[in-house]
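Listed below are the residues making up each chain.
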2 protein chains.
Amino acid sequence: MDNLDLMKQISITSPSKIVLLVIDGLGGLPSPKTGKTELETANTPNLDKLAAKGICGLIDPVSPGITPGSTPGHLALFGYDPVKFNIGRGVVEALGIDFSLEPEDIAARGNFCTMDKKGLVIDRRAGRIATEKCTELCQLLDGLAIEGVKIFVRPVREHRFVVVFRGKGLAPEVSDSDPQQVGMAPRAVKALNPQADRMASIANKFIAQAKVTLAKQHPANMVLLRGFSRRPNLPTMSEVYKLKPAAIAAYPMYRGLAKLVGMQVLETAVKEEFTTLKQNYTDYDFFFLHIKGTDSAGEDGDFNGKVRLIEEVDKAMPALTSLEPDVIVVTGDHSTPALLKGHSWHPVPILLYSKWCRTDGVGEFSEQACISGGLGRFPATQVMPLAMANALKLTKFGA
Amino acid sequence: MDNLDLMKQISITSPSKIVLLVIDGLGGLPSPKTGKTELETANTPNLDKLAAKGICGLIDPVSPGITPGSTPGHLALFGYDPVKFNIGRGVVEALGIDFSLEPEDIAARGNFCTMDKKGLVIDRRAGRIATEKCTELCQLLDGLAIEGVKIFVRPVREHRFVVVFRGKGLAPEVSDSDPQQVGMAPRAVKALNPQADRMASIANKFIAQAKVTLAKQHPANMVLLRGFSRRPNLPTMSEVYKLKPAAIAAYPMYRGLAKLVGMQVLETAVKEEFTTLKQNYTDYDFFFLHIKGTDSAGEDGDFNGKVRLIEEVDKAMPALTSLEPDVIVVTGDHSTPALLKGHSWHPVPILLYSKWCRTDGVGEFSEQACISGGLGRFPATQVMPLAMANALKLTKFGA
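All of these numbers come straight from a predicted model, not from anything done at the bench. (Residues numbered from 1 in each chain as written. Chains lettered and ligands numbered in written order. Predicted model: local features only at pLDDT ≥ 70, side-chain atom pairs only at ≥ 80, totals over all residues. Heavy atoms only, no water.)

Caption draft 1: Main features of the overall build of chain A. Counting its regular elements, chain A contains 14 helices and 14 strands. A globule of 399 residues ought to have a C-alpha radius of gyration of about 21 Å, and chain A, at 23 Å, matches this closely. For chain A, the C-alpha atoms occupy an extent of roughly 70 × 55 × 35 Å along the three principal directions. For chain A, the proportion of its 399 residues judged to be buried stands at 57%. Partitioning the intrachain contacts of chain A with sequence separation of at least 6 by distance along the chain shows that 73% fall at a separation of at least 24. (Helix = DSSP H or I, 4+ residues; strand = E, 2+ residues; numbered from the N terminus. Rg over C-alpha atoms; globule rule 2.2 N^0.38 Å. Buried < 20%, exposed > 50% of the residue type's maximum accessible area, 1.4 Å probe, protein only. Contact = heavy atoms within 4.5 Å.)

Caption draft 2: Molecular detail of the pairing of strand β12 (residues 327-331) of chain A. Residues and elements named next belong to chain A. When you tally the buried positions in β12, you get five out of five residues, the bulk of the element. Side chains Val327, Val329 and Thr331 project from β12 onto one buried face, and the interleaved Ile328 and Val330 project onto a second face that is buried too. Sheet topology note: the strand β1 (residues 18-23)/β12 ladder contains five bridges and is parallel. In the strand pairing of β12, Val19 is matched with Ile328. Looking at chain direction, β12 and strand β13 (residues 348-354) are connected through four bridges and run antiparallel. Note on β13: the bridge partner recorded for Ile328 is Tyr353. (Pairing = 2+ DSSP bridges.)

Caption draft 3: The arrangement of the side chain of Asp178(A) in detail. All names here are of chain A. For Asp178, the location among the structural elements is in the loop between β7 (160-166) and α7 (197-214). By relative accessible area, which is 2% here, Asp178 ends up buried. Reaching out from Asp178, the side chain makes a polar contact with the side chain of Arg124 at a distance of 2.8 Å. (Polar contact = N/O pair within 3.5 Å; in protein donor to acceptor, adjacent residues only side chain to side chain.)

Caption draft 4: Representation of helix α10 (residues 273-280) of chain A. Residues and elements named next belong to chain A. Within the span of α10, buried status applies to Glu273, Phe274, Thr276, Leu277 and Asn280. Along the axis of α10, the buried residues cluster in a sector spanning 160 degrees; they form a single face. Turned more than 90 degrees from where α10 packs its buried face, Lys278 and Gln279 sit exposed. If you follow the buried residues of α10, they end up packed against β1, β9 (245-248), β11 (286-291) and α12 (303-321). (Arc of directions from axis to C-beta.)

Caption draft 5: Highlighting the sheet that holds strand β11 (residues 286-291) of chain B. Residue and element names in this part refer to chain B. In spatial order, the strands read β10-β9-β11-β1-β12-β13-β2-β14; together these eight strands make up an open sheet with mixed pairing. In this open sheet, the two edge strands, each paired with only one partner strand, are β10 (264-265) and β14 (376-379). Pairing between strand β9 (residues 245-248) and β11: four bridges, direction parallel. When the bridges of β11 are listed, Pro245 appears paired with Phe286.

Caption draft 6: Quick look at the nonpolar core. In this structure, Leu21(B), Tyr80(B) and Val330(B) are the most contacted members of the largest nonpolar core, which totals 104 residues. For this core, the element with the most residues is helix α12 (residues 303-321) of chain B, which contributes seven residues. Once you skip the residues sitting within four places of it in the chain, Leu21(B) turns out to touch Phe274(B), Leu289(B), Ile291(B), Val313(B), Met317(B), Leu320(B), Val329(B), Val330(B) and Thr331(B). One finds Val240(A), Leu289(A), Val362(A) and Phe378(A) within the second-largest nonpolar core, a separate group that totals 94 residues. (Core = buried A, V, L, I, M, F, W, Y, C linked by side-chain atoms within 4.5 Å.)

Caption draft 7: Spatial organisation of the packing of aromatic side chains. Enumeration over the complete set of coordinates arrives at 16 aromatic pairs over all chains. Measuring from centroid to centroid gives 4.5 Å for Phe112(A) and Phe161(A), while their planes differ by 40 degrees, and the two rings are tilted. With Phe112(A) in strand β3 (residues 106-115) and Phe161(A) in strand β7, this pair connects stretches of sequence that are 49 residues apart. Accessibility assignment for this pair places Phe112(A) and Phe161(A) in one class, buried. Judged by centre distance (5.6 Å) and plane angle (15 degrees), the rings of Tyr281(B) and Phe287(B) are stacked. When its relative accessible area of 0% is taken as the criterion, Phe287(B) is described as buried. Grouping aromatic residues by their ring pairs yields a cluster made of Phe165(A), Phe206(A) and Phe228(A). Note that Lys17(A) overlies the ring of Tyr281(A), its terminal NZ or CZ placed 5.0 Å from the centroid. Here the guanidinium or amino end of Lys244(A) rests over the ring plane of Tyr284(A), the centre of that ring lying 5.1 Å away. (Phe/Tyr/Trp six-rings, centres within 6.5 Å; stacked < 30°, edge-to-face > 60°. Lys NZ or Arg CZ within 6 Å of the ring centre and 35° of its normal.)

Caption draft 8: Inspection of the interface of chain A and chain B at higher detail. In this assembly, 32 residues from chain A lie in contact with 27 residues from chain B. Here chain A and chain B share zero salt bridges between them. Between chain A and chain B we count 11 residue pairs in polar contact (both at pLDDT 80 or more) in total. When residues of the side of chain A that touches chain B are traced back to their parent elements, those giving at least two are α4 (70-77), α5 (89-96) and α13 (367-371) of chain A. A breakdown of the residues in the side of chain A that touches chain B according to their chemical character gives 16 nonpolar, 13 polar and three charged. (Salt bridge = Lys/Arg side-chain N within 4 Å of Asp/Glu carboxyl O. Nonpolar A, V, L, I, M, F, W, Y, C, P; charged D, E, K, R; others polar.)

Caption draft 9: Region of the structure containing α12(B). Residues and elements named next belong to chain B. With 19 residues, α12 extends 27 Å from end C-alpha to end C-alpha; this agrees with the ideal 27 Å at 1.5 Å per step. Maximum bend of α12: about 30 degrees, positioned at Lys315, with proline Pro318 one to four residues after it. Those residues of α12 that fall on the buried side of the exposure criterion are Phe303, Gly305, Lys306, Val307, Ile310, Val313, Asp314, Ala316, Met317 and Leu320. (Expected span 1.5 Å × (residues − 1). Bend = angle between axes of the 7 residues up to and from the residue.)

Caption draft 10: Expanded view of unusual backbone geometry. Residue and element names in this part refer to chain A. For the bond running from His218 to Pro219, omega is 5 degrees, close enough to zero to count as cis. Checked against the element boundaries, Pro219 lands in the loop between α7 and β8 (222-230). The phi dihedral of Lys271 falls on the positive side, at around 70 degrees, and the residue is not glycine. Along the chain, Lys271 falls in the loop between β10 (264-265) and α10.

Shown next as structure tokens:
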């Protein structure tokens, strides 16, 4: 019996409310000058007060040493084993542009690339063409139908696009056409099992058609496809936890992830997340509130920018705490230290506040302080069971 | 997907170097007089300095409460699930004498024993005959060939020996001949599945032959065999981690274990390990450096001896740190408290140093201090993922 089966068995509906505040890329590394991380540098009186009233710890999104992408980082926070539910690249890209994937659709990530006269790839990213150019090229390819399979081609950014195949008899087990290095010809898409023969054939016909359509374009005269995948059939959070969950996230990728697990996605905008929470507070019993800026600042290596954004979240906290949710969880989906300019494997600080949380001695919300927290260090997939328990939404297991 | 599959998927080759220093049986228990363990008693300025710069914690080699043998203790440190890869007794004994097992060989652990005139075992260890006598008796039995199966019989120590069967059509699924108690006759070896019929038959013929050969010996007039097993087919560390790994271990057992996971075993001697590291430092990107003495002192109940040996390791540390490896891990394969005179289940202190380790407040390397370490308490199988991450040898998992 896994985590989700256990939750299904013992979760109950109750009026109590849970708010899960995800500060994307929250964890950091200390600045060599001050010895303090971004979170430790930020002035966060409200989060510190909540840490003092609550219980703290550190979570591993996947497991020690593993740097997660946004998808596994969030799935784990929602209680889904991120290794078991490893979501394909094509699906992730489709989620990222808010494309409404149907259950049987197959999505692939596409690159516009440059091919020379011999048919060899000389630039896998076609000189990173402008997003406007990408949009224009996608329009040339969008809406094709091949043997009854409808094909959607949608721009992502620069040379990146998504292609979605919608039709009967398709299967995602096919190889990439992207050779992943220059100086080689694009590969034929191959079926990795007999059920995927039709998918491979349709994909190759699409690629052949794209080659013709793009022949006179420069530098983007060819496409490379990879990560063919189908939206996984995840049990919804309502099925698992008997919650009525809502997502408050301004960026498409996170809205898409929330939809995957059956959350109602509320309309919001950057810096409007806390207002949206207040406006919809009576209608749901679980809120996933996502703050993106911190991760972007970390990826840009902007230590001070990340500090400022954490301080902004802290200033907004009274708007959350004044609603008096039964359980408040504040954490991140992974660490994004400005020093590493990217996601990292470091465990993420977490604080949980509820009337029943058995508080510890931690009086501030920081990486260092969380080491001594009463929650210890634990897998992110256990955050939801803890939140549910503290909301008194779980019955006893076993007699 | 298990740990190793995940590592296979995301590991990359890079010039960074990892040194894993295993101080065998490192963890201890406090002396009733001083309240301090062996490690806490030892004067270890270099390890303490490294702990202050690094991050500390406690590892469970198998899981809380489980006392591991040397094999599971080391396999876990190398990232291999020690319960899944449970290596048979025969193979472990063969590794222990540096016998070069071929993939199809079947090894069994042997005892010389004393049998009375009725054919009942009256001493399972033949009065613990001297190793010299054991060697002599092994020579009488070594080199037999039965139905095309070549049989190697090699002494271990006292009454213990290894027998290796090399030939076609053998399988390890056979029962022991050792009845495990006195007053009973040796058992016939039985096939536990039809594929093992030939192995059982050959083993029984070997035992019958040994009985004849040893008939006039006293007290060692018979053999008992157990733990028939084949060298497991472990994925190598190169396959899993894309490392070029080297082992620096003076004792055969640990050299054998290192070979099992595909390490290059370097020539070294006791107290020469750090010199060997320096001499070979440019040629590999991963070093397993094994210190045996601490475990032996613990097994002998020699508290002060273990303290002295830990201090010797500490004195040698500058030879390691001056090489400036990107990642240094110092830990043990299990605890061997002098007070228990044997391996124990207590978690083992670990320190990890790298530029990216997010240091904690721990300023000394000891069982007590490690409780508050930023690594927390975690399974030993996660040590390699952590070391790899800190060496920037892992890419992101998932999109």
